[in-house]
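Structural features, examined
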Amino acid sequence: MQNINFFPGGVAVLLFDTSTMFVIETVEVLRELNLYRRIEEVFKNAFNKGELVFQHGEETEYYQENGLEYQFKIINALGSRPINRKNEDKDTNKKLNPFLKNEPDLTVCDSLLGQYKLLLNKFPNCENHFLMVTKEFVKQDTLLSELDLDTVHLILTNLNRESTPFFLFFNSGHDSGYSQIHKHIQFITLPVIGSRVYKPFIDDFVSKYTYNADLDPLTRPDISFHHFVLPIPENVDRVTISQIYIKLMNQLFNFIGSKIQLKNDSLVVNGELNPQISYNFILTSTYMMVIPRSRPNFNECWANSLQFMGLFSGKNLHIKQKILEMGFQNYLSKVGFPNESSIKL
Ligand code: AMP
């Protein structure tokens, strides 16, 4: 079934045909194959067949606010994204859950390490926007496992050998801004502006630090929303990446516990994320960041992880106008929590 050819000692060449199954059985294959090429080809094919709700060249503008840069993109497809946040009833969930359906033209990988699938986002923010979803239904409101983290990190490392940098994000908890309850982690590229790659405002701050086991989570003081971030060491192993996540999550838990009265004094309740906790999670090649969330939207404008990377979008000009009127940092402090270590902007 596997449709990958390897040149001896070289990079994998994909000879794919979207009508056949694409399976990645081992970590070694995941490390070696040219995943970026596979994604590009599946994306082009799906777009040409009209399977994606996507337009090339949608209106994108960049703004500077107090020395920080933001993107605002109008994405018509945001108006048609389906929402399935509630249906835990097995049959209803099966019917409404887009990630349990078999859509061959959107499928980048039918089976990854026996546990996951890689699917194109049908309503992408940009080209090659894709998701890693669990093969079987797992709730979005569960912690990332060591296998989840190791697998997404392997994917990221693979992709960033070949292309414009990708990063990944995960929205978890009732107020995190997600639209689907089936566990999914999203991969997206940083925008390219002319000849440079857009740099999220946290990058330069984190790059001054080197990870060691005693390093406490960091917070950049001059941005408005609370967040916890740690650098990722080069060639990080799966145990360390899990430890970094746990460190950030413990800090997140203590922070939220200091802001609201928690009914349960633990991060996980009955195997799921404590229902009073919501956060956005971002992993790049060089750092991991979590952002506590206080609400999913403010003044009609919804946020997930992307806005905290400075990447704003809206389905129309009305939303853009609202964000511009509120101010980017002001808005982020409302959907997150105000940064207590914040110096005056
Ligand atoms: P979130 O809103 O963070 O829960 O992300 C869920 C993502 O799933 C959204 O970005 C949607 O565009 C995407 N999505 C919805 N339906 C489908 C589908 N049938 N196939 C692939 N992606 C989808």
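Structure: see above.
A short tour of the structure in this document, coming up.

**Topic: the layout of surface pockets**
Regions of empty space are outlined by a rolling probe, equal in size to a water molecule, passed over the atoms. There is about 1,000 Å³ of room inside the largest pocket. In terms of lining residues, the largest pocket is bounded by 44 residues, among which Leu78, Arg81, Pro82, Gly177 and Ser179 are the most central. If you list the elements that add at least two residues to the lining of the largest pocket, you get strand S7 (116-120), strand S9 (166-172), strand S10 (184-189), strand S19 (301-302), strand S20 (311-314) and helix H7 (317-326). Of the residues forming the lining of the largest pocket, the biggest block, 4 residues, is contributed by S20. Residue composition of the lining of the largest pocket, grouped by class: 23 nonpolar, 14 polar and 7 charged.

**Remarks on the sheet that holds strand S4 (residues 60-65)**
Spatially, the 3 strands line up as an open sheet ordered S4-S5-S20, and their pairing is mixed. In this open sheet, the two strands that pair with only one neighbour each are S4 and S20. Neighbour-to-neighbour, the strand axes of this sheet turn through a mean angle of 25°, independent of strand direction. Pairing between S4 and strand S5 (residues 68-74): 6 bridges, direction antiparallel. Counterpart to glutamate 65 in the pairing with S5 is leucine 68. The sheet strands contacting H7 are S4, S5 and S20, and the helix crosses S5 at an angle near 160°.

**Some thoughts on the side chain of serine 278**
Locating serine 278 in the fold gives a position in the loop between strand S15 (272-273) and strand S16 (279-283). Classification of serine 278 by relative accessible area gives buried; the value is 2%. Other than its neighbours up to four places away in sequence, serine 278 contacts Ser172, Gly173, His174, Asp175, Ser176, Ile256, Ile291, Pro292 and Arg293.

Criteria and thresholds
- Residues numbered from 1 in each chain as written.
- Predicted model: local features only at pLDDT ≥ 70, side-chain atom pairs only at ≥ 80, totals over all residues.
- Heavy atoms only, no water.
- 1 Å grid on protein atoms, 1.4 Å probe; cavity = no way out; pocket = protein on both sides within 12 Å on 5 of 7 lines; lining within 4 Å.
- Points joined across faces, edges and corners; volume = space filled by probe spheres on them.
- Helix = DSSP H or I, 4+ residues; strand = E, 2+ residues; numbered from the N terminus.
- Nonpolar A, V, L, I, M, F, W, Y, C, P; charged D, E, K, R; others polar.
- Pairing = 2+ DSSP bridges.
- Axes fitted to C-alpha atoms, helices over the stretch in contact; angles between N-to-C directions.
- Contact = heavy atoms within 4.5 Å.
- Buried < 20%, exposed > 50% of the residue type's maximum accessible area, 1.4 Å probe, protein only.

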